[in-house]
Amino acid sequence: MNLIFLGPLGAGKGTQARLLQEREGIPQISTGDMLRAAMVAETPLGQQAKAYVDRGELVPDDVMIGLIAERLAQPDAQRGFVLDGFPRTLPQAKALDEVLAESGRTLDAVLYFRVSDETVVRRLGGRWVCRKNGHIYHLEYRPPKVSGRCDVDGSELFQRPDDRAETVRHRLDVYHRETEPVVEFYRARGLLATIDAEGEVEDIYRTLLGAIRARVKLGAQAQGG
Ligand code: AP5
């Protein structure tokens, strides 16, 4: 299955993509995680990306398109993927079509996580992330068993610098301006399934799985399968 998770910051895309990876074995490809790993390792990509990410701006399209083309060529992405955080602009969406077409692949579905700006602000204000593997917690909604430590690998939890309130407000503006047109792009193509992402994590997971199965079945029927 070739899937895209689309939606605002803090909608729960990363939380759900990780569950889908653990339970269904579909690899999560998170451009945000890739950029943060490059920033920690201080690679040329990381050094270039840092100024954009810390300010809540988008990293330039040409950089992101090159990064995702390379990642989608790797062996584990050949049998399916969940793109989490890409595409975020119309040029990225169009470039993704070309990258997939070159390797004879198509998209099965685009899952659009719909939440209000108020929910985004509440969720990101309480988010803590594990330093080693990026496991995601929330002080109120998904607290770790031991304060400040990851349940899975025991590593330290930290708050992302771009989760500061003023940066979150700016990221929301960027989302509404640059990424909402991408939602309409996929809606017009008939690929979009909208998920109400305001509820409990496990309820949303069940809805998500149902929507993915329904879309994949539809696609198979359209191809006479
Ligand atoms: P990225 O890391 O992709 O950030 P994002 O899209 O802004 O998404 P988030 O990680 O903030 O949210 P999420 O939806 O994954 O929510 P989560 O599951 O963590 O990108 C960061 C930056 O990198 C960008 O700003 C940009 O600079 C750059 N970048 C990345 N990709 C790029 C691209 N393609 N082009 C250009 N630049 C790019 O959940 C949030 C919180 O809520 C957590 O605490 C979680 O525990 C909690 N939570 C989740 N679900 C629920 C629920 N149902 N109920 C209660 N709490 C919940």
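Everything below is about the structure shown above.
Below you will find a few notes about this structure. For every chain, the first residue of the written sequence is number 1, and numbering continues from 1 along that sequence. Since the coordinates come from a predicted model, pLDDT governs what is reported: local features require at least 70, and pairs of side-chain atoms require 80 or more to be given and counted, while whole-chain, interface and lining totals use all residues. As a rule here, side-chain values come from all non-hydrogen atoms in the structure, and water together with hydrogens is ignored.

**Observations regarding the overall build of the chain**
At step 1: Helix numbering and strand numbering both begin at the N terminus, where a helix is a DSSP run of H or I of at least 4 residues and a strand a DSSP run of E of at least 2. Check the secondary structure of the chain and you find eight helices and eight strands.
At step 2: Computed over the C-alpha atoms, the radius of gyration of the chain is 17 Å, within 12% of the 17 Å expected from 2.2 N^0.38 for a compact globule of 225 residues.
At step 3: Note on exposure labels: buried denotes an accessible area under 20% of the residue type's maximum, exposed denotes more than 50%, and partly exposed covers the range between, all computed with a 1.4 Å probe on protein chains only. Within the chain, the fraction of its 225 residues that count as buried is 47%.
At step 4: Here a residue-residue contact requires only that any non-hydrogen atoms of the pair lie within 4.5 Å. At a minimum sequence separation of 6, the contacts of the chain that also span at least 24 residues come to 69%.
At step 5: Throughout, the Shrake-Rupley method with a 1.4 Å probe supplies accessible areas, and for residues the shown protein chains are the sole cover considered. A total accessible area of about 11,400 Å² is found for the chain, and carbon and sulfur atoms account for 52% of it.
At step 6: Counting 31 positive and 33 negative side-chain charges, the chain places the averaged centre of each group 3 Å from the other. Throughout, radius of gyration means the C-alpha value; the globule benchmark is 2.2 Å times the number of residues raised to the power 0.38. Counting rule applied: Lys, Arg positive; Asp, Glu negative; His and chain ends not counted. Here the site of a charge means NZ on Lys, CZ on Arg, CG on Asp, or CD on Glu.

**Describing the environment of Ala109**
At step 1: Mapped onto the fold, Ala109 is located in strand 4 (residues 109-114).
At step 2: By relative accessible area, which is 0% here, Ala109 ends up buried.
At step 3: Distance from Ala109 to Leu3, taken between C-alpha atoms, is 5.2 Å for residues 106 residues apart in sequence.
At step 4: Excluding anything up to four places from it in sequence, Ala109 contacts Asn2, Leu3, Ile4, Leu191 and Arg215.

**Considerations on the sheet that holds strand 7 (residues 157-158)**
At step 1: The three strands are arranged 6-5-7 in an open sheet whose pairing can be described as antiparallel. Strand pairing shows two members of the sheet lacking a second neighbour, strand 6 (136-138) and strand 7, which therefore form its edges.
At step 2: Both strand 5 (residues 127-130) and strand 7 contribute to a ladder of two bridges, which runs antiparallel. Bridging from a neighbouring strand, Val129 pairs with Phe158 of strand 7. Two strands pair under a simple rule: DSSP has to find at least two bridges between them.

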